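Architecture at a glance
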Amino acid sequence: MIWLREKFSNKALMNLQSGDNLYSRKLDAKAIIAGQKQANGHLHYVVEIQHRSAEPIEILMSPTGLVLQGYKVV
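Turning our attention to the overall build of the chain. Looking only at helices and strands, the chain has two helices and five strands in total. Starting at the N terminus, the α and β elements of the chain follow one another as α-β-β-β-β-α-β. Across the 74 residues of the chain, 24% fall into the buried class. Counting only contacts in the chain whose residues sit at least 6 apart along the sequence, the fraction spanning at least 24 positions is 37%. Total accessible area on the chain is roughly 5500 Å²; 54% of this is exposed by carbon and sulfur atoms.

Before going further, it helps to spend a moment on the side chain of S24. Tracing the backbone through its elements, the reader meets S24 in strand 1 (residues 21-24). Engagement of the side chain of S24 in a polar contact is seen with the backbone oxygen of Q69, the distance being 2.6 Å. The residues contacting S24, other than those within four sequence positions of it, are A29, Q69, G70 and Y71.

About the criteria used
Residues numbered from 1 in each chain as written. Predicted model: local features only at pLDDT ≥ 70, side-chain atom pairs only at ≥ 80, totals over all residues. Heavy atoms only, no water. Helix = DSSP H or I, 4+ residues; strand = E, 2+ residues; numbered from the N terminus. Buried < 20%, exposed > 50% of the residue type's maximum accessible area, 1.4 Å probe, protein only. Contact = heavy atoms within 4.5 Å. Areas by Shrake-Rupley, 256 points an atom, 1.4 Å probe, with all protein chains shown as cover. Polar contact = N/O pair within 3.5 Å; in protein donor to acceptor, adjacent residues only side chain to side chain.

Right under this line is the structure:
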C-alpha cells in the first residue's frame, strides 16, 4: 500500500532541480525542469514540454499538476 500512496502523492516531485527529466506515459510527452518560481506563495516549476516532434513549449506548473498529468522522474 505504500507504493499506492507514493504514486498519488507529489512528494517525489517536490524536490526537482533544473535539468531534471520527466516523462508522462499518459501524455506520451517528455519534460525538462527549467527552473523554479513561487506563485501565490506556492512552489511552481518552469517546465519545457516536448510532445513527439512538435516544438517544445515552456509553461509554469505546480507539483500537483505534474502528478495529475502523470509525470515521473526518469
